[in-house]
Every structure is written in C-alpha cells, then in structure tokens.
2 protein chains.
Amino acid sequence: MMVPEREGPLTMKFYDCATAPSPRRVRIFLTEKGIEVPTVQVDLRAGEQFGEPFRRLNPWCTVPVLELDDGTAISEAVAICRYLEERFADSPLMGRDPREKAIIAMWEHRCEVDGFLAAQEAFRNRAPGLKGRALTGATDVEQISALADRGRARVLRFFAMLDERLADCPFVSGEAFSIADITLLVTVDFAAWAKVPMPGELSSLRRWYEMVSARPSAKA
Amino acid sequence: MMVPEREGPLTMKFYDCATAPSPRRVRIFLTEKGIEVPTVQVDLRAGEQFGEPFRRLNPWCTVPVLELDDGTAISEAVAICRYLEERFADSPLMGRDPREKAIIAMWEHRCEVDGFLAAQEAFRNRAPGLKGRALTGATDVEQISALADRGRARVLRFFAMLDERLADCPFVSGEAFSIADITLLVTVDFAAWAKVPMPGELSSLRRWYEMVSARPSAKA
C-alpha cells in the first residue's frame, strides 16, 4: 500500500461491485499502481444503488465511486483514475508528458465510447434480466432490440479497428501499458460475457489480449 | 497567442468544422486559454472526412483533430483539451490539484455521456439528412427512431439533474468555470438546435446558461 502525503492512514473508500465491469476498470488501475483502498461492495442485484444512502453519494446511482478523505464523492471510472494518477505519481498509467497524455486519453476515450459503451448497448438492450433497465442510472428505460443488434455490430467494428492498431504497436496507446489497455481489456471480457466474443481471426488483438490478461492486475 | 516553450512558431494544426458541435468544444477551450492555432476547415457535408488524406490522420473519420508539431494526430475533443491543458498551464480549465481535477473530470464525463451523446442519439436517429448516418464514423449505420425518442427523454432527464446541481453552485464543477461548463454549453446549444430545448422551468440551468453564453468564448 502506498502512503500518500498526509498524516494517518488512508480514509478513502472505494464503492465497488465485484461482478460489474465498470468498477473493474478502477480495480485494475489500483492494482497496477499498487494502491490498496478500503472497499465497500454495493449489492447491485438487490438495488442498493437506488437506496437513499448511496443516492446521496452518487445521484447517478452507479458504481464505481471513490469517496475521498474529505467526503467528496467521485464517480465515473475515468475521473476516479484521474484522482489516483494525480495523487500517486508512481507507475503512471495516463502518460508522462503532454503528448503521451493526449495519445492515451484519445485511445482510452475511443475504447470507452466505441467499445465499452457499445458492448453495454448490445448487452443491456437484450438481456432478459435487464428488461426496463436498458441504461444504468436512476430511471427505468425500455430495451430497444434493434439497438442491441447495432451495438453488437459496433463492437465487432471496434475490435477490427483495434486489431489494426495492435498490429502496429504492442499496447493500445503505444509502447507502454496504460489506462487505454485497461478499458480495452474490460471491454473484451465484458463483450465476451455478453456473447460478442473477439473474432478468432483478429490475431493482433488476440496476441495483445493474451499478454494483458497474464498480468496479475487482470484478476482484479 | 501564447508562446510555448520551443523555438519558432506553433506548427500545430487544428482540423475543425465551424458548424459542428464536437469541434466547438475545442474552439471554446482554445479561446478560454487564449491560444491561437492554425485551423483547417474540414467540409463534412462534402464528405471530406472520408477521403484518404483525412482518414490517414484519423481512421475514425471525425473532427476535431489536433495535429501536433511532430505530426502526431490527436482526435477526441477531451484528449485534445488534455494536450492543450498540459502544454499551456495558464488559465487551467481541468483543475489545479488531484481533487479538483477529479471533480471536473467527473462532471465533464457525465455531461458528455448523458448530455452530449444523448443529444447526438436524439438528433442523428431522426434527422432526414442523416439517414444511414446514425453514428459518426467510417461506417454507415441505420437510424433507429425509438432511439431518437429515448435520446430525447435522456437529454431532458440530464437537464433536470444539472438544474439541481446548478442550484447548489455557480458552475458545473463548483466555484470556477471549467471544461465541464464547455461540454454542457455545447450540449445545450446542440440539443436546442436538435429540437430538445432546455425546459423553461429549470431556472438554475437557465441562469447558468445566460451567464456562460455571455462569455466571449461562447461565440467560438
């Protein structure tokens, strides 16, 4: 556990759900940086995220949330990673200079919007257990089956583009492992679970996947 | 115009489209920071983004793109802003310490995903001129009219949540203007243009909108 520049132990608190893909992005990030934070499991199946205590923390009713030492609640995976990156400088995962930071932010964002959010579209608009829950958040939203199909096709196009990228360089954002690899790894595993597996012929994506999955952080 | 720490003039190049909302996020950011960058207009109506020269720059075939001095092409608005923020430290718009940076990143991300992308869903899945172009990018994608309706409802829920937020503080991320205000401003104007205007009863959102629209950068 890294010790931040303050007195006393870390009083941050991480609101997680061990089975959900969004908080896994933060779990892998924490593991790569070697930070341990006291963790609270939020029972999404029981609807704990809609209860008053959690809603006060995050009116968007989503995990992950990082509660800072002063009580400030940070939601959204990439914002939590930003906090951790700025506070714990060792093992940078979001770049070391303006150019690197921008390249990593670009790939991370693409992986989130065209990969992760598309996989979510494919999954949440079809899964029988998510009827009326086609979007995360406080409001019930009906599924659109045409959107599940479109999301699936979009994930497959995204995989093909990433395969081309990974033919050129070992990691998503270039020569080093970064937060962009974390978002892609979580997307690939989430999509496979949602029955959109990586096509076997995408050999560069597969090579990358095997390498990144072998890192200890992938178990997080 | 700010002078970076290098010899000679800025050779960065900004690929813009004056009528499109995504690059407007960067135009406002540049104006707020007082940076002038040589700009190239990409003719989206004529399909210039699909031509070989632009596709080599950005295989996602979207604007904005910032081409750096060494030829590296950064696409995705938030990644371009990250570069500018890291390179030009004056007038910070993405926070000054880990906590501020995280709060701003959280609100910016919410405004993008629940506001801007939802407005895009509402618009691109219905506009007659965008038949077959329901998503930006290199591939044609059919419109889903149920998604246009869902996007519209989502934008309205987003406006209501931001109205609550802006009852508590003058700007989206707290006491100071930030990139989160830029994303919200562009979302409000884009949504209005897509026939999802801010409801009149959201008085805090309206107060914020009038204040932020009066800044010189809003004309960008």
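Not measured: the values here are computed from a predicted model.

Asker: Where do I start with the pattern of salt bridges in this structure?
Answerer: Pairs can form between side chains of opposite charge once their charged atoms are near each other. Counted by the stated rule, this structure contains 32 salt bridges over all chains. With a closest N to O distance of 2.8 Å, lysine 33 of chain B and glutamate 85 of chain B form a salt bridge. Here glutamate 85 of chain B lies in helix H3 (residues 77–87) and lysine 33 of chain B lies in helix H1 (residues 21–33), a separation of 52 residues in the sequence. Judged by relative accessible area, lysine 33 of chain B falls into the buried class, the value being 3%. Where arginine 82 of chain B meets glutamate 86 of chain B, a salt bridge forms, and the shortest distance between an N and an O atom there is 2.8 Å. Of this pair, arginine 82 of chain B and glutamate 86 of chain B both sit in helix H3, four residues apart, roughly one helical turn. Residue arginine 82 of chain B is classed as buried on the basis of its relative accessible area, which comes to 8%. Connected through shared salt-bridge partners, Arg25, Glu108 and Glu112 of chain A make up one network.

Asker: Any chance you could explain the relation of the copies chain B and chain A here in plain terms?
Answerer: Two chain copies here: they are related by a rotation about an axis and a translation along the same axis. Mapping chain B onto chain A leaves a residual RMSD of 0.0 Å; the transformation is a rotation of 180° accompanied by 0.0 Å of translation along its axis. The relationship between the two copies is best expressed as a two-fold rotation axis. Scanning chain B for the C-alpha nearest the rotation axis identifies leucine 147 of chain B, at a separation of 3.9 Å. Interface overlap between copies is the fraction of interface residues in one copy that are interface residues in the other; for chain B against chain A it reaches 100%, indicating a shared surface.

Asker: What is the right way to look at the domain arrangement of chain A in this model?
Answerer: Accessible area lost upon the coming together of the parts serves often as the stated size of an interface. Residue and element names in this part refer to chain A. Along its sequence, chain A is organised into domain 1 (13–87) and domain 2 (98–219). Computed from C-alpha atoms alone, the centre-to-centre distance between domain 1 and domain 2 is 20 Å. The interface is formed by 16 residues belonging to domain 1 together with 18 residues belonging to domain 2. A buried area of about 1500 Å², summed over both sides, lies between domain 1 and domain 2, and 62% of it is on carbon and sulfur atoms.

Asker: When you look at the sheet that holds strand S4 (residues 73–75) of chain A in this model, what are you seeing that I'm missing?
Answerer: What links the strands of a sheet is backbone hydrogen bonding, and the strands pair in either a parallel or an antiparallel sense. Residues and elements named next belong to chain A. Across the sheet, which stays open at both edges, the four strands sit in the order S2-S1-S3-S4 with mixed pairing between neighbours. The sheet is open, and its two edges are formed by strand S2 (39–41) and S4, each paired on a single side. Pairs of neighbouring strands in the sheet enclose a mean axial angle of 20°, with direction left out of account. In this structure, strand S1 (residues 13–16) lies alongside S2, joined through three bridges in parallel fashion. The partner of phenylalanine 14 across the bridge, within S2, is threonine 39. In the packing of helix H3 (residues 77–87) onto the sheet, the strands contacted are strand S3 (65–67) and S4, and the crossing angle to S4 comes to about 125°.

Asker: Sorry if this is basic, but what is going on with the state of the cysteines here?
Answerer: Here is the idea: a disulfide is a covalent bond, and it sits between the sulfur atoms of two cysteines. Considering all chains together, one arrives at zero disulfides over all chains under this definition. Counting only cysteine sulfurs, cysteine 61 of chain A is the nearest neighbor of cysteine 17 of chain A, a cysteine outside any disulfide, at a range of 14 Å. Take cysteine 17 of chain A: its relative accessible area is 8%, and that puts it in the buried class. Cysteine 81 of chain B takes part in no disulfide bond, and the closest cysteine sulfur to it belongs to cysteine 111 of chain B, at a distance of 13 Å. The exposure class of cysteine 81 of chain B is buried, given its relative accessible area of 3%.

The rules we used
- Counting from 1, residues in each chain are numbered in the order their sequence is written.
- Naming scheme: in the order in which they are written, chains are lettered from A and ligands are numbered from 1.
- With the structure being a predicted model, the display of local features is reserved for residues of pLDDT at least 70 and the display and counting of side-chain atom pairs for 80 or more, all residues being used for whole-chain, interface and lining totals.
- As a rule here, side-chain values cover all heavy atoms of the structure and leave hydrogens and water aside.
- Here a salt bridge means any side-chain nitrogen of Lys or Arg lying within 4 Å of a carboxyl oxygen belonging to Asp or Glu.
- A run of DSSP states H or I qualifies as a helix once it reaches four residues; a run of E qualifies as a strand once it reaches two. Both are numbered from the N-terminal end.
- For each residue, the accessible area found with a 1.4 Å probe, counting protein chains only, is set against the maximum for its type, and the residue is called buried under 20%, exposed over 50%, and partly exposed in between.
- To line up the copies, we fit them by least squares on C-alpha atoms, keeping just the residues with pLDDT of at least 70 in both.
- Two residues form a contact once any of their heavy atoms are found within 4.5 Å.
- Where each domain starts and ends comes from a domain assignment, either automatic or drawn from a database.
- Computed with a 1.4 Å rolling probe, the buried area is the accessible surface lost when two parts are put together, summed over both parts.
- For two strands to be treated as a pair, DSSP must find at least two bridges joining them.
- Angles shown run from 0 to 180 degrees and are taken between the N-to-C directions of axes, each axis being a line fitted to C-alpha atoms and, for helices, limited to the stretch in contact.
- By convention in this document, the label disulfide applies to cysteine sulfur atom pairs within 2.5 Å.

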